[in-house]
Amino acid sequence: MFVSPDADAHTAEARREAFSALFERCYPRVLRFVRGTGKDAMEAEDITSEVFAVAWNKFDLRDPIDLNWLMGTAINKLRDHDRRARRRRSETIPLSAAVEGAPTGLDPLDVLAVREALAGLTAKDRQVLQLMVQEGYSAHDVGQMLRRSEGSVWTRASRARAQLRKSLRIEDNDE
Amino acid sequence: MNDDELDRLIRAAHPTRTEPDAPLTAQQRVTLERIMATPSNAVTSSRRTTRRLLIALPAVAVVAAVVTFVAVSVLIPPRPSPAAAYGPPPLTWAPSSKSVAEVVAVAHQRLASAPGPTIALRESTSSSWSLAISEAGEPEQQIAIEPIETELTWNADLSGRRLTTAGKPFRADGVTGEIPTTDQTPGQVLADEEFGAGQYPAITPDAIELDSRGLTALVQVYAPASGLAGDAMVAVEDLSVEWTLTNRQEGYLLDILASYEGLRVEGTATDRLGRPVVGLSAESTISPGETFTLLISAATGRIVGIQVMVTGTTAPTPVPVGTVTSYALWKDTE
């Protein structure tokens, strides 16, 4: 049996097309999540492009990569990046950015307080809230991204909300 | 406040208003093309078929080669393979009887006569390495340590250039001898980043005017309490990765560090660039379970490096105690 160079070229082109579609669909979502962790715009673009470089290296038409895989890789890249940089203390978001980013009707200082409180959570608890609340993913998807069970995601979300309330000194009215 | 109200606040705290289904920018399309222009390890299905065929056809030759290899292996004793490790061997310290104050005093003497810029320069040349983390988030053992060389020059308007090249690899097991083959060749350009005005994300945009008081304020942002000597070292590292300070400023930094509690003298050693150095160590709360060791040039008194080593079980990365997880070495002025 002989596989022609044309067939190879055809498969390579199909692979490029499929990867381009994945990139177009998922890049803004991954970038938004990375930006949500407090990285500046340029750094977030760098980390996101690293995620897609890994994806391109692994991209196989017969075993497609999905958004959950990309987000899981982004989480690992962020951890690696933070470990290398060790600059958590200097990565506070400037007040000007908070003012620019705050939605109408909300006090920028309240927004800053929530960001501070989020920053005080453990990395995993923070990621669960970012992914479920800020990015709107289901507990099932977040479980796949973090390689945890759906149950443990719900537990973490509940614990993180309680911690956030404590940090912000607000009462739980759900009880 | 119920969960829905709290979640509304959390959503409002997102630092960007960019929508998740936003169209790609022109720059992002360039990124896509750049990524797809690189060779990929994944093979397409037809290539896999071709490779299987290529492997199947000369099967007899492969069997013959294996027989030959086994025969030769019996006759020639194998050389020991380099051992894998998570990081390079820690620096070997010769103990010193000097106190922190005495080490800093000697450094001041060296700084007084050593060459150095008359004004702080927005440039930094370094050789560094950091523990590899797999895509699954696990630390990876290496046979060869592959440092990277970074040359950064930037300007007050935050324009600049950062050139990253592959450094000279060395064995992770610390044995002098044959260096295992690596993916990169020394000098190979790994990244060449150009920053337009306003683009370089400076940690410390201006250090030219920083005197003792200004540097103290800066270090205190990282280490607000007197027991946080390791955190203070992170401030020194952040300055050193993008500035070449004057000797006077280097002296101020040493005085500031010496004012923190918990700093200890490791002794003297030869760093990974072959330079004699004195080590000052402390634990950091920024990376609990890791000890930071600042390297001071015995020749010039300047701060020329940092080594981070796991010394406790609370380290953020699950590697054995005694593992070096990163180091950075900055160019000295002599």
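If you're wondering where the values come from, they're calculated on a predicted model, not measured in any experiment.

**Q** Could you give an account of the overall build of chain B, with specific residues and numbers?
**A** If you tally the helices and strands in chain B, you get eight helices and 11 strands. Out of the 334 residues belonging to chain B, those deemed buried represent 36%. In chain B, the proportion of contacts linking residues at least 24 apart, taken out of those at least 6 apart, comes to 66%.

**Q** Explain the overall build of chain A to me, using residue names and the numbers behind them.
**A** Assigned secondary structure in chain A consists of eight helices and zero strands. Starting at the N terminus and walking to the C terminus, you meet the elements of chain A as α-α-α-α-α-α-α-α.

**Q** Summarise the packing of helix H7 (residues 139-146) of chain A against helix H8 (residues 150-168) of chain A; cite the residues concerned and give the values.
**A** All names here are of chain A. For the pair H7 and H8, interaxial distance at closest approach is 8 Å and the crossing angle is 100 degrees. Considering their axes alone, H7 and H8 lie roughly perpendicular with respect to each other. Where H7 abuts H8, its residues Ala139, His140, Val142 and Gly143 lie against Glu150, Val153 and Trp154. Classifying every residue of the contact of H7 with H8 gives four nonpolar, two polar and one charged.

**Q** Describe the pairing of strand E11 (residues 324-330) of chain B, and please don't skip the residues or the numbers.
**A** Residues and elements named next belong to chain B. Extensive coverage of E11 is indicated by the burial of seven of its seven residues. Relative to E11, strand E1 (residues 123-130) runs antiparallel, the two sharing five bridges. Among the inter-strand pairings, Ser126 is bridged to a residue of E11, identified as Trp330. The sheet contact formed by strand E10 (residues 303-310) and E11 spans five bridges and is antiparallel. Bridged to Ile306 within E11 is Ala328.

**Q** Could you give an account of the sheet that holds strand E7 (residues 264-270) of chain B, with specific residues and numbers?
**A** For sheets, the rule is that strands pair by backbone hydrogen bonds, running either parallel or antiparallel. All names here are of chain B. Ordered by their spatial adjacency, nine strands build an open sheet running E6-E4-E3-E1-E11-E10-E9-E8-E7, and the pairing between neighbours is antiparallel. Only two strands of the sheet have a single partner each, and these edge strands are strand E6 (189-195) and E7. Adjacent strand axes in the sheet meet at a mean angle of 20 degrees, parallel and antiparallel pairs treated alike.

**Q** Help me get a handle on the environment of Ala14 of chain A, residues and values and all.
**A** Assignment of secondary structure puts Ala14 of chain A in helix H1 (residues 5-36). Taking the C-alpha atoms as reference, Ala14 of chain A lies 8.1 Å from Leu61 of chain A; in sequence the two are 47 residues apart.

**Q** Report on the nonpolar core, specifying residues and quantitative values.
**A** Residues and elements named next belong to chain B. The biggest cluster of nonpolar side chains holds 56 residues, and the ones touching the most others in it are Ala232, Met233, Ala235, Val236, Leu257, Leu294 and Ile296. Sort the elements by how many residues they give to this core and helix H7 (residues 229-240) lands first, with seven residues. In contact with Leu294, not counting residues within four places along its chain, are Met233, Val236, Leu280, Ile303 and Ile306.

**Q** Give a detailed account of helix H6 (residues 212-222) of chain B, specifying residues and quantitative values.
**A** Residue and element names in this part refer to chain B. Inspection of H6 places Leu215, Leu218, Val219 and Tyr222 among the buried residues, and these make up the whole buried set. When H6 is viewed along its axis, its buried side chains cluster within an angular range of 95 degrees and face the same direction. Of the exposed residues in H6, the ones pointing more than 90 degrees away from its buried face are Arg213 and Ala217. Of the surrounding secondary structure, the elements contacted by the buried residues of H6 are H7 and helix H8 (247-258).

**Q** Let's hear about unusual backbone geometry: which residues, and what values?
**A** Residues and elements named next belong to chain B. Unusually for a residue other than glycine, Leu158 sits at a positive phi of about 65 degrees. With respect to the element layout, Leu158 can be found in the loop between strand E3 (148-154) and strand E4 (160-166). The class of Leu158 is partly exposed, set by 16 C-beta atoms lying within 10 Å.

**Q** Could you give an account of helix H6 (residues 123-134) of chain A, naming the residues involved and the relevant values?
**A** Residues and elements named next belong to chain A. Burial analysis of H6 places nine of its 12 residues in the buried class, the great majority of the element. Those residues of H6 that fall on the buried side of the exposure criterion are Asp125, Arg126, Gln127, Val128, Leu129, Gln130, Leu131, Met132 and Val133. At the exit of H6 stands Gly136, carrying a positive phi of roughly 80 degrees.

**Q** A description of the packing of H6 of chain B against H8 of chain B should follow, citing residues and the corresponding values.
**A** Residues and elements named next belong to chain B. Between H6 and H8, the least distance of the axes is 9 Å, while the angle of their chain directions is 50 degrees. Here H8 runs oblique to H6, going by the angle between their axes. As for the relative orientation of H6 and H8, their crossing is right-handed in sense. When H6 is examined against H8, the residues Ser212, Leu215, Thr216 and Val219 are found in contact with a partner set consisting of Gln249, Tyr252, Leu253 and Ile256. Class assignment for the residues of the contact of H6 with H8 results in five nonpolar, three polar and no charged.

**Q** Now, about the confidence of the model for chain B: what can you tell me, with residues and values included?
**A** Residue and element names in this part refer to chain B. With 86% of its residues at a pLDDT of 70 or more, chain B shows a mean pLDDT of 83. Scored below 50 in pLDDT, residues 43-77 makes 18 contacts in the model with residues more than four places away or belonging to other chains. Under the prediction, the complex receives an ipTM of 0.80, its pTM being 0.61.

**Q** Please set out the environment of Ser138 of chain A residue by residue, giving values where relevant.
**A** Topologically, Ser138 of chain A is positioned in the loop between H6 and H7. Along the chain, Ser138 of chain A and Val153 of chain A lie 15 residues apart, while their C-alpha atoms are 9.7 Å from each other.

**Q** Lay out the confidence of the model for chain A in plain terms, naming residues and giving numbers.
**A** Across chain A, the average pLDDT comes to 79, with 78% of residues at 70 or higher. Across residues 87-102 of chain A the pLDDT falls below 50, and counting only partners more than four positions away or on other chains, this stretch makes 27 contacts in the model.

**Q** Residue-level account of the pairing of strand E8 (residues 276-283) of chain B, with values.
**A** All names here are of chain B. For E8, the buried fraction is high: seven of the eight residues fall into the buried class. Two strands pair when backbone bridges link them, and E7 and E8 are joined in this way by six bridges, in the antiparallel orientation. Following the sheet pairing, Ala269 is matched in E8 by Val277. The hairpin turn running from E7 into E8, its antiparallel successor, is five residues long, and Gly274 in that turn takes a positive phi close to 80 degrees.

Cut-offs and rules
- Within any chain, residue numbers begin from 1 and follow the written order of that chain's sequence.
- Written order determines the labels here, with chains lettered from A and ligands numbered from 1.
- In keeping with the model being predicted, local features are shown solely for residues with a pLDDT of at least 70 and side-chain atom pairs are shown and tallied solely at 80 or more, while totals for entire chains, interfaces and linings include all residues.
- A run of H or I in DSSP becomes a helix once it reaches four residues, and a run of E becomes a strand once it reaches two; helices and strands are each numbered from the N terminus.
- For every residue, the other C-beta atoms within 10 Å of its own C-beta are counted; 20 or more classify it as buried, 12 or fewer as exposed, and values in between as partly exposed. C-beta atoms are placed from the backbone.
- Contact criterion: two residues are in contact if their C-beta atoms, reconstructed from the backbone, are within 7 Å.
- To define axes, lines are fitted to C-alpha atoms, for helices over the stretch in contact only, and angles between the resulting N-to-C directions are given on a 0 to 180 degree scale.
- Oblique is the label for every angle not falling under 35 degrees (roughly parallel), over 145 degrees (roughly antiparallel), or within 65 to 115 degrees (roughly perpendicular).
- Side-chain classes are defined by residue name, with Ala, Val, Leu, Ile, Met, Phe, Trp, Tyr, Cys and Pro counting as nonpolar, Asp, Glu, Lys and Arg as charged, and the others, Gly among them, as polar.
- Between any two strands, at least two bridges found by DSSP are needed for them to pair.
- Joining buried Ala, Val, Leu, Ile, Met, Phe, Trp, Tyr and Cys residues through C-beta atoms within 7 Å gives a set, and that set is a nonpolar core.
- The directions considered for the arc are those from the helix axis to the C-beta atoms.
- Two helices crossing with the near one rotated counterclockwise from the far one by less than a right angle form a left-handed crossing, whereas a clockwise rotation gives a right-handed crossing.
- Confidence of the predictor in every single residue is expressed as pLDDT, which spans 0 to 100.

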